Amino acid sequence: MIAEHVAFGIIAAVMVASALRVVTTRDIVHAALYLVIVLAGVAALFLLVGAEFTGITQVLIYIGAVIVLFLFGIMLTRTDFDQDEETDHKRKFPAILTALLLLAVMIGALVDRFEDVKLDANLPGGQTPQTTAQVSDELFSQYIVPFEAVSVLLLAALIGAIVIARREEGG
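The paragraphs below set out a description of the structure included in this document. All values derive from a computational prediction rather than experimental measurement. (Residues numbered from 1 in each chain as written. Predicted model: local features only at pLDDT ≥ 70, side-chain atom pairs only at ≥ 80, totals over all residues. Heavy atoms only, no water.)

### A few points about the environment of A165
One can find A165 in helix α6 (residues 144-170). The buried category is assigned to A165, whose relative accessible area is 8%. Among all residues touching A165, those that are not within four sequence positions of it are L76 and T77. (Helix = DSSP H or I, 4+ residues; strand = E, 2+ residues; numbered from the N terminus. Buried < 20%, exposed > 50% of the residue type's maximum accessible area, 1.4 Å probe, protein only. Contact = heavy atoms within 4.5 Å.)

### Considerations on the layout of surface pockets
The calculated volume of the second largest pocket comes to roughly 280 Å³. Along the wall of the second largest pocket there are 13 residues; nearest its centre are I61, A65, V150, S151 and L154. Mapped onto the lining of the second largest pocket, the elements with two or more residues apiece are α3 (52-77) and α6. When residues of the lining of the second largest pocket are assigned to their parent elements, the largest contribution, seven residues, is made by α6. (1 Å grid on protein atoms, 1.4 Å probe; cavity = no way out; pocket = protein on both sides within 12 Å on 5 of 7 lines; lining within 4 Å. Points joined across faces, edges and corners; volume = space filled by probe spheres on them.)

### Brief notes about the side chain of T25
For T25, the position within the fold is in the loop between α1 (2-24) and α2 (28-48). Judged by relative accessible area, T25 falls into the buried class, the value being 15%. Of the polar contacts made by the side chain of T25, one reaches the backbone nitrogen of D27; its length is 3.5 Å. Discounting residues that sit within four places of it in the chain, T25 has contacts with H30 and A31. (Polar contact = N/O pair within 3.5 Å; in protein donor to acceptor, adjacent residues only side chain to side chain.)

### Focus: α3
The terminal C-alpha atoms of α3 lie 36 Å apart, and with 26 residues this matches the ideal 38 Å at 1.5 Å per residue to within 8%. Among the residues of α3, G55, Q58, I63, I67, L71, I74 and L76 are the ones counted as buried. (Expected span 1.5 Å × (residues − 1).)

### What about the packing of α2 against α3?
The interhelical angle for the contact between α2 and α3, taken along N-to-C directions, is 175 degrees, at an axis separation of 8 Å. As the angle between them shows, α2 and α3 are arranged roughly antiparallel. Listed contacts from α3 to I28, V29, A32, L33, L35, V36, L39, A40, V42, A43, F46 and L47 of α2 are E52, T54, G55, Q58, V59, Y62, I63, I67, F70, L71 and I74. Classifying every residue of the contact of α2 with α3 by side-chain character gives 19 nonpolar, three polar and one charged. (Axes fitted to C-alpha atoms, helices over the stretch in contact; angles between N-to-C directions. Parallel < 35°, antiparallel > 145°, perpendicular 65-115°, else oblique. Nonpolar A, V, L, I, M, F, W, Y, C, P; charged D, E, K, R; others polar.)

### Things to note about the side chain of S18
Along the chain, S18 falls in helix α1. Ignoring sequence-local partners within four residues, the contact set of S18 consists of Y34, I37 and V38.

### Re a nonpolar patch on the surface
A surface patch of nonpolar side chains, amounting to about 810 Å² of accessible area, comprises I96, L100, L103, M106, I107, L110, V111, F114 and V117. The residue I107 is located in helix α4 (residues 92-114) in this model. (Patch = residues over 30% accessible without salt bridge, like charges linked within 9 Å, V, L, I, M, F, W, Y side chains within 5 Å. Areas by Shrake-Rupley, 256 points an atom, 1.4 Å probe, with all protein chains shown as cover. Salt bridge = Lys/Arg side-chain N within 4 Å of Asp/Glu carboxyl O.)

### Some thoughts on the nonpolar core
Counting residues in each nonpolar core, the largest one holds six residues, listed as A32, L39, I63, I67, L71 and I74. Secondary structure elements with two or more residues in this core: α2 and α3. Counting residues per element, this core draws most heavily on α3, which supplies four residues. Aside from chain neighbours lying at most four places away, what touches I67 is A32, L35, V36, L39 and Y62. (Core = buried A, V, L, I, M, F, W, Y, C linked by side-chain atoms within 4.5 Å.)

### A look at the environment of T54
Looking at the secondary structure, you find T54 in helix α3. The class of T54 is partly exposed, set by a relative accessible area of 36%. For the pair T54 and T132, spaced 78 residues apart in sequence, the C-alpha separation works out to 8.8 Å.

Encoded structure:
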(Lines give C-alpha, C1' and ligand atoms only; values in the text may rest on other atoms or scores of the structure.)
Protein backbone atom coordinates (compact mmCIF):
# COMPACT_ATOMS: atom_id res chain seq x y z
CA MET A 1 0.00 0.00 0.00
CA ILE A 2 2.84 2.41 0.77
CA ALA A 3 4.46 1.83 -2.64
CA GLU A 4 1.19 2.79 -4.34
CA HIS A 5 1.07 6.04 -2.38
CA VAL A 6 4.68 6.83 -3.28
CA ALA A 7 4.04 6.03 -6.95
CA PHE A 8 0.93 8.22 -6.89
CA GLY A 9 2.89 11.08 -5.33
CA ILE A 10 5.66 10.88 -7.92
CA ILE A 11 3.24 10.63 -10.86
CA ALA A 12 1.11 13.48 -9.48
CA ALA A 13 4.16 15.72 -8.96
CA VAL A 14 5.37 15.10 -12.52
CA MET A 15 1.87 15.79 -13.85
CA VAL A 16 1.53 19.06 -11.93
CA ALA A 17 4.96 20.25 -13.05
CA SER A 18 4.19 19.35 -16.66
CA ALA A 19 0.76 20.98 -16.50
CA LEU A 20 2.38 24.18 -15.25
CA ARG A 21 4.84 24.04 -18.15
CA VAL A 22 1.94 23.55 -20.59
CA VAL A 23 0.50 26.93 -19.63
CA THR A 24 3.77 28.80 -19.05
CA THR A 25 5.96 27.79 -21.99
CA ARG A 26 6.15 30.16 -24.94
CA ASP A 27 6.73 27.43 -27.53
CA ILE A 28 3.48 25.80 -28.63
CA VAL A 29 5.20 22.56 -29.70
CA HIS A 30 6.78 22.24 -26.27
CA ALA A 31 3.36 22.89 -24.70
CA ALA A 32 1.92 20.00 -26.72
CA LEU A 33 4.79 17.74 -25.64
CA TYR A 34 4.29 18.68 -21.98
CA LEU A 35 0.62 17.83 -22.47
CA VAL A 36 1.74 14.37 -23.62
CA ILE A 37 3.50 13.96 -20.26
CA VAL A 38 0.34 15.01 -18.39
CA LEU A 39 -1.83 12.59 -20.37
CA ALA A 40 0.71 9.79 -19.87
CA GLY A 41 0.52 10.51 -16.14
CA VAL A 42 -3.26 10.15 -16.26
CA ALA A 43 -2.82 6.80 -18.01
CA ALA A 44 -0.30 5.74 -15.36
CA LEU A 45 -2.78 6.64 -12.62
CA PHE A 46 -5.46 4.56 -14.34
CA LEU A 47 -3.03 1.64 -14.46
CA LEU A 48 -2.14 2.21 -10.81
CA VAL A 49 -5.77 1.79 -9.72
CA GLY A 50 -6.28 -1.30 -11.88
CA ALA A 51 -8.24 0.24 -14.77
CA GLU A 52 -6.05 -1.22 -17.51
CA PHE A 53 -8.51 -0.71 -20.35
CA THR A 54 -9.03 2.97 -19.52
CA GLY A 55 -5.29 3.54 -19.16
CA ILE A 56 -4.44 1.92 -22.46
CA THR A 57 -7.34 3.75 -24.14
CA GLN A 58 -5.94 6.99 -22.73
CA VAL A 59 -2.60 6.28 -24.39
CA LEU A 60 -4.06 5.15 -27.72
CA ILE A 61 -6.71 7.83 -28.17
CA TYR A 62 -5.36 10.92 -26.44
CA ILE A 63 -1.62 10.51 -26.86
CA GLY A 64 -1.67 8.41 -30.00
CA ALA A 65 -4.36 10.30 -31.90
CA VAL A 66 -5.37 13.66 -30.46
CA ILE A 67 -1.89 14.94 -29.59
CA VAL A 68 -0.51 13.72 -32.91
CA LEU A 69 -3.36 15.62 -34.60
CA PHE A 70 -2.45 18.74 -32.58
CA LEU A 71 1.19 18.42 -33.57
CA PHE A 72 0.30 17.95 -37.25
CA GLY A 73 -1.88 21.05 -37.11
CA ILE A 74 0.80 23.08 -35.35
CA MET A 75 3.55 22.01 -37.70
CA LEU A 76 1.45 22.47 -40.84
CA THR A 77 0.33 25.98 -39.99
CA ARG A 78 3.84 27.08 -38.97
CA THR A 79 2.54 29.82 -36.69
CA ASP A 80 5.20 31.66 -34.71
CA PHE A 81 3.77 32.73 -31.36
CA ASP A 82 7.09 33.86 -29.89
CA GLN A 83 7.13 37.13 -31.85
CA ASP A 84 3.54 38.13 -31.04
CA GLU A 85 3.37 40.98 -28.50
CA GLU A 86 -0.18 40.09 -27.51
CA THR A 87 1.04 36.90 -25.83
CA ASP A 88 3.36 38.83 -23.51
CA HIS A 89 1.58 37.86 -20.26
CA LYS A 90 0.77 41.49 -19.34
CA ARG A 91 -1.94 40.32 -16.97
CA LYS A 92 -0.01 37.59 -15.20
CA PHE A 93 -0.77 38.73 -11.63
CA PRO A 94 -4.59 38.86 -12.04
CA ALA A 95 -4.49 35.48 -13.81
CA ILE A 96 -2.51 33.88 -10.97
CA LEU A 97 -4.79 35.48 -8.38
CA THR A 98 -7.89 34.19 -10.19
CA ALA A 99 -6.40 30.70 -10.50
CA LEU A 100 -5.57 30.59 -6.78
CA LEU A 101 -9.06 31.82 -5.88
CA LEU A 102 -10.67 29.15 -8.08
CA LEU A 103 -8.38 26.50 -6.58
CA ALA A 104 -9.37 27.53 -3.05
CA VAL A 105 -13.08 27.46 -3.92
CA MET A 106 -12.75 24.06 -5.59
CA ILE A 107 -10.83 22.54 -2.67
CA GLY A 108 -13.32 23.99 -0.20
CA ALA A 109 -16.30 22.61 -2.13
CA LEU A 110 -14.72 19.15 -2.50
CA VAL A 111 -13.75 18.93 1.18
CA ASP A 112 -17.20 20.14 2.25
CA ARG A 113 -19.00 17.64 0.02
CA PHE A 114 -16.82 14.54 0.41
CA GLU A 115 -15.30 14.94 3.87
CA ASP A 116 -17.12 12.01 5.50
CA VAL A 117 -17.78 9.83 2.42
CA LYS A 118 -16.40 6.31 2.43
CA LEU A 119 -15.86 4.48 -0.87
CA ASP A 120 -17.71 1.20 -1.29
CA ALA A 121 -15.90 -1.45 -3.33
CA ASN A 122 -19.14 -3.32 -4.06
CA LEU A 123 -21.00 -2.43 -7.25
CA PRO A 124 -24.75 -1.75 -7.03
CA GLY A 125 -27.09 -4.64 -7.74
CA GLY A 126 -24.48 -7.32 -7.04
CA GLN A 127 -22.71 -6.69 -10.37
CA THR A 128 -19.16 -7.87 -10.90
CA PRO A 129 -16.48 -5.64 -12.41
CA GLN A 130 -15.89 -6.13 -16.12
CA THR A 131 -12.56 -7.32 -17.40
CA THR A 132 -10.63 -5.64 -20.18
CA ALA A 133 -11.54 -8.50 -22.52
CA GLN A 134 -15.26 -8.03 -21.84
CA VAL A 135 -15.08 -4.29 -22.45
CA SER A 136 -13.13 -4.71 -25.70
CA ASP A 137 -15.50 -7.45 -26.93
CA GLU A 138 -18.46 -5.13 -26.32
CA LEU A 139 -16.73 -2.15 -27.92
CA PHE A 140 -15.52 -3.94 -31.04
CA SER A 141 -18.66 -6.01 -31.64
CA GLN A 142 -21.67 -3.83 -30.88
CA TYR A 143 -20.05 -0.39 -31.27
CA ILE A 144 -17.66 -0.99 -34.18
CA VAL A 145 -19.55 1.30 -36.59
CA PRO A 146 -19.45 4.42 -34.34
CA PHE A 147 -15.81 3.60 -33.50
CA GLU A 148 -14.87 3.55 -37.18
CA ALA A 149 -16.99 6.66 -37.88
CA VAL A 150 -14.96 8.61 -35.31
CA SER A 151 -11.75 7.32 -36.94
CA VAL A 152 -12.89 8.58 -40.35
CA LEU A 153 -13.94 11.91 -38.80
CA LEU A 154 -10.48 12.40 -37.28
CA LEU A 155 -8.86 11.53 -40.60
CA ALA A 156 -11.10 14.02 -42.41
CA ALA A 157 -10.17 16.72 -39.88
CA LEU A 158 -6.47 16.03 -40.45
CA ILE A 159 -6.87 16.19 -44.24
CA GLY A 160 -8.89 19.40 -43.89
CA ALA A 161 -6.12 20.97 -41.78
CA ILE A 162 -3.55 20.02 -44.41
CA VAL A 163 -5.66 21.49 -47.23
CA ILE A 164 -6.29 24.75 -45.36
CA ALA A 165 -2.62 25.08 -44.39
CA ARG A 166 -1.48 24.48 -47.97
CA ARG A 167 -4.05 26.92 -49.37
CA GLU A 168 -2.93 29.68 -46.95
CA GLU A 169 0.72 28.92 -47.69
CA GLY A 170 0.19 29.25 -51.45
CA GLY A 171 -1.36 32.67 -51.15
